[in-house]
Amino acid sequence: MSDVIPDNAPSNHNQLVVPPFEQDHWQGSLNARVVLVEYGDYQCPQCGELYTSIKAIQRQLETTLFGRDSLCFVFRHFPQPHIHPQAQKAAAATEAAGAQGQFWQMYEILLEHQQELGNGYLAEYADRLGLNVPQFLRDIARGTYLDRINQDIESGIRSGVTHAPALFINNIRYTGRWTITELTAAIVGASH
């Protein structure tokens, strides 16, 4: 029962090919002892559950000896439109919100309302966040952020990601169980 594939494991897509960098969406410090990268899909139920777990883990680790800047969380888009038809548009919505300084706020709203991702809902969420709604909707309709989303997808594919969610801890694919306890243990273990 290994939570993280060891460094000496054969290179069969268990390594993160594109390490976290400034253009990613991240919380914490990219120089943190532990960097957790998720490839996610806003319409995927397991991604919604993982969102709740990661938030709880972040809160738990911030209030312990682990410290505030010891964990960095990076989110990369991996929409699966063949099974989640609104996932691509939801990814574009977070990017459009991000262009107005509200990526993480939109990210949270979409993961908390996974069954409500239609255009009307997206406009409502943008309005709730105080965004320039016409600009937000134009950016989505024009596919302004399609290249950015496709870069995330491509980096995931190059790292062996075939579906969301997929997690990497310090650039190593996480293959353990998805419980808060198991994931927290893997994160804490990677910090040593």
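Residues numbered from 1 in each chain as written. Predicted model: local features only at pLDDT ≥ 70, side-chain atom pairs only at ≥ 80, totals over all residues. Heavy atoms only, no water.

**Here we look at the packing of helix α1 (residues 45-62) against helix α7 (residues 180-190)**
Pairs of packed helices are described in terms of their axes, by the angle between the two and the distance that separates them.
Piece 1. Running from N to C, α1 and α7 cross one another at 50°; their axes reach a closest spacing of 10 Å. Regarding the angle of α1 to α7, the classification is oblique. When the axes of α1 and α7 are compared, the crossing they make is right-handed. Counting all contacts with α1, which are made through L50, S53, A56, I57, Q60 and L61, the residues of α7 involved are I180, L183, T184, I187 and V188. (Axes fitted to C-alpha atoms, helices over the stretch in contact; angles between N-to-C directions. Helix = DSSP H or I, 4+ residues; strand = E, 2+ residues; numbered from the N terminus. Parallel < 35°, antiparallel > 145°, perpendicular 65-115°, else oblique. Left-handed = near helix turned anticlockwise from the far one by under 90°. Contact = heavy atoms within 4.5 Å.)

**Quick look at the side chain of T184**
Piece 1. Mapped onto the fold, T184 is located in helix α7.
Piece 2. The contacts of T184, once residues within four sequence positions are left out, are I57, Q60 and L61.

**Points about the pairing of strand β3 (residues 71-77)**
Piece 1. Where burial is concerned, most of β3 is hidden: 7 out of the 7 residues are buried.
Piece 2. Burial along β3 is two-sided: the face carrying L71, F73, F75 and H77 and the face carrying C72, V74 and R76 are both buried.
Piece 3. Pairing between strand β1 (residues 25-27) and β3: 3 bridges, direction antiparallel. Bridging from a neighbouring strand, W26 pairs with V74 of β3. (Buried < 20%, exposed > 50% of the residue type's maximum accessible area, 1.4 Å probe, protein only. Pairing = 2+ DSSP bridges.)

**Digging into the confidence of the model for the chain**
Piece 1. Chain-level pLDDT for the chain is 91 on average; 91% of the residues reach the 70-or-more range.
Piece 2. For the stretch residues 1-11, pLDDT sits under 50, and the model shows 19 contacts to residues farther than four places along the chain or on other chains. (pLDDT = per-residue confidence, 0-100.)

**Here's the deal with the packing of helix α2 (residues 87-98) against helix α3 (residues 103-112)**
Piece 1. At a closest axis distance of 7 Å, the pairing of α2 and α3 adopts a crossing angle of 150°. Comparing the axis directions of α2 and α3 gives the class roughly antiparallel. For the pair α2 and α3, the crossing hand works out as right-handed. Of α3, the residues touching α2 (which contributes A90, A93, T94, E95, A97 and G98) are F103, M106, Y107 and L110.
Piece 2. Grouping the amino acids of the contact of α2 with α3 by side-chain chemistry returns 7 nonpolar, 2 polar and 1 charged. (Nonpolar A, V, L, I, M, F, W, Y, C, P; charged D, E, K, R; others polar.)

**With respect to the packing of aromatic side chains**
The relation between two aromatic rings is expressed through the spacing of the ring centres and the mutual angle of the planes.
Piece 1. Across all of its chains, the model carries 13 aromatic pairs by this definition.
Piece 2. Ring plane angle 85° and centroid distance 6.1 Å describe the contact between Y39 and F78, whose orientation is recorded as edge-to-face. Here Y39, found in strand β2 (residues 34-40), pairs with F78, found in the loop between β3 and α2; they are 39 residues apart in sequence, far enough to count as distant. No difference in accessibility class separates Y39 from F78, as the two residues are buried. (Phe/Tyr/Trp six-rings, centres within 6.5 Å; stacked < 30°, edge-to-face > 60°.)

**As for the environment of Q23**
Piece 1. Position of Q23 relative to the elements: it lies in the segment before β1.
Piece 2. For the pair Q23 and L137, spaced 114 residues apart in the sequence, the C-alpha separation amounts to 23 Å.

**Details of helix α4 (residues 119-128)**
Piece 1. Of the residues making up α4, those classed as buried are L122, A123, Y125 and A126. Mapping the buried residues of α4 onto a view down its axis gives an arc of 160°, with all of them on the same face. Among the exposed residues of α4, those oriented more than 90 degrees off its buried face are G120 and D127.
Piece 2. G130, located one to two residues past α4, shows a positive phi value of around 75°. (Arc of directions from axis to C-beta.)

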